[in-house]
Amino acid sequence: MSDEKLYELVCHVSNEIFGKDFQHKAYFNKRLRTTGGRYMLRTHHIEVNPLVFEKYGMDELVGVIKHELCHYHLHIEGKGYQHRDADFRELLKKTNAPRFCSTLMERTGRKITKKYTYKCAKCSLLYNRKIQLNTKKYRCGKCYGALLFVSLENMK
Ligand SMILES: [Zn+2]
Ligand SMILES: [Zn+2]
């Protein structure tokens, strides 16, 4: 299948299933390995792994396209476009799209995942950081006391 055919198919699925136009690019990307497709947040392009069609056929290909279009339309409309968002889950159900997708998109789409908390041993001021601090190197900005590690939280 050619990139042109894929693009036509994406436009068709977008119109038929979502009732909306697809206004960006869609093409095959051979370098996608473990994922069927991915939606690019910056460019709004949709990339599809050619193996999806070669190995699993048309139904699977349309499934991947539907999934990526869920990301696409929600993102463009400023709604929750990530896997954990209610908008996204709802649209998956409505369009009968599969749940799998790219790990890459997830990585760029996610925001803060960790929160490290440190406390000054002297004045007890708390510090929240997204990354781990070297407590041998960094000191309290207020009193220059030593920093102690308090906790690590995973945020969503
Ligand atoms: Zn996805
Ligand atoms: Zn301090």
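Note that this is a predicted model, so its numbers are computed, not measured.

Chemist: It is not clear to me how the pattern of salt bridges should be interpreted in this structure. Could you clarify?
Modeler: Side-chain pairs of opposite charge can arise where the charged atoms are in close proximity. One pass over the full model with this rule turns up 4 salt bridges. Put simply, Glu77 and Lys20 hold a salt bridge, and the shortest N to O gap is 2.9 Å. Highlighted residues: Glu77 in the loop between α3 (58-76) and α4 (86-95) and Lys20 in the loop between α1 (3-18) and β1 (26-28), separated in sequence by 57 residues. We note a salt bridge from Lys115 to Glu153, for which the minimum N-O separation is 3.4 Å. Here Glu153 lies in strand β6 (residues 147-154) and Lys115 lies in strand β4 (residues 114-120), a separation of 38 residues in the sequence. Judged by its relative accessible area of 22%, Lys115 is partly exposed. Connected through salt bridges with shared partners, the residues Lys20, Glu77 and Lys79 form a single ionic network.

Chemist: Looking at this structure, how should I read the packing of α3 against α4?
Modeler: Think of two packed helices as two axes; the pair is described by the angle between the axes and how far apart they sit. Packing of α3 against α4 leaves a shortest axis separation of 10 Å and a crossing angle of 135°. Here α4 runs oblique to α3, going by the angle between their axes. As α3 packs across α4, the resulting crossing turns out to be right-handed. Seen from α3, the contacting residues are Lys66, His67, Cys70, His71 and Leu74; seen from α4, they are Asp87, Phe88, Leu91, Leu92 and Thr95. Grouping the constituent residues of the contact of α3 with α4 by class yields 5 nonpolar, 3 polar and 2 charged.

Chemist: Where do I start with the side chain of Thr117 in this structure?
Modeler: With respect to the helices and strands, the residue Thr117 is situated in strand β4. Classification of Thr117 as buried rests on a relative accessible area of 7%.

Chemist: How do you make sense of the sheet that holds strand β3 (residues 46-48) when you look at a structure like this?
Modeler: Backbone-to-backbone hydrogen bonds join strands into a sheet, with any given pair of strands oriented parallel or antiparallel. If you trace the 3 strands from one edge of the open sheet to the other, you get β1-β3-β2, paired in mixed fashion. Each edge of the sheet is formed by a strand with only one pairing partner; in this case those strands are β1 and β2 (37-39). Strand-to-strand, the axes of this sheet are offset by a mean angle of 15°, without reference to chain direction. Note that β1 and β3 share 3 bridges and pair parallel. Residue pairing in the sheet places Tyr27 in a bridge with Glu47 of β3. α1 contacts β1 and β3 of the sheet and is inclined by roughly 135° relative to β1. Where α3 meets the sheet, its contacts fall on β2 and β3, and the angle it forms with β2 comes to roughly 10°.

Chemist: Help me understand the coordination of the zinc ion (ligand 2), please; the structure alone is not making it clear to me.
Modeler: Metal coordination angles in their ideal form are 109.5 degrees for the four-donor tetrahedron and 90 or 180 degrees for the six-donor octahedron. Coordination of the zinc ion (ligand 2) by the protein is provided by Cys120 (SG), Cys123 (SG), Cys140 (SG) and Cys143 (SG), with metal-donor distances spanning 2.2 to 2.4 Å. In this structure, the zinc ion (ligand 2) is surrounded by 4 donor atoms whose angles at the metal cover 98 to 117°, and the resulting shape is tetrahedral. Spacing between the donor residues of the zinc ion (ligand 2) along their common chain follows C-x2-C-x16-C-x2-C. Taken together, the residues span a long stretch of sequence, with Cys120 in strand β4 and Cys140 in the loop between β5 (126-129) and β6 at a distance of 20 residues. Just as Cys120 is buried, Cys140 falls in that class too.

Chemist: Please explain the nonpolar core as it appears in this structure.
Modeler: A general trend in soluble globular proteins is that nonpolar side chains are found buried together. In this structure, Phe22, Ile46, Ile65 and Leu69 are the most contacted members of the largest nonpolar core, which totals 26 residues. Contributions of two or more residues to this core are made by α1, β1, β3, α3 and α4. The element best represented in this core is α3, accounting for 8 residues. Grouped together as the second largest cluster of nonpolar side chains are 7 residues, Tyr116, Cys120, Tyr127 and Leu133 included.

Each value, and the rule that gives it
Residues numbered from 1 in each chain as written. Chains lettered and ligands numbered in written order. Predicted model: local features only at pLDDT ≥ 70, side-chain atom pairs only at ≥ 80, totals over all residues. Heavy atoms only, no water. Salt bridge = Lys/Arg side-chain N within 4 Å of Asp/Glu carboxyl O. Helix = DSSP H or I, 4+ residues; strand = E, 2+ residues; numbered from the N terminus. Buried < 20%, exposed > 50% of the residue type's maximum accessible area, 1.4 Å probe, protein only. Axes fitted to C-alpha atoms, helices over the stretch in contact; angles between N-to-C directions. Parallel < 35°, antiparallel > 145°, perpendicular 65-115°, else oblique. Left-handed = near helix turned anticlockwise from the far one by under 90°. Contact = heavy atoms within 4.5 Å. Nonpolar A, V, L, I, M, F, W, Y, C, P; charged D, E, K, R; others polar. Pairing = 2+ DSSP bridges. Donors = N, O, S within 2.8 Å, 3.2 Å for Na, K, Ca; no water. Tetrahedral: all angles 85-135°; square planar, octahedral: opposite > 155°, others 65-115°. Core = buried A, V, L, I, M, F, W, Y, C linked by side-chain atoms within 4.5 Å.

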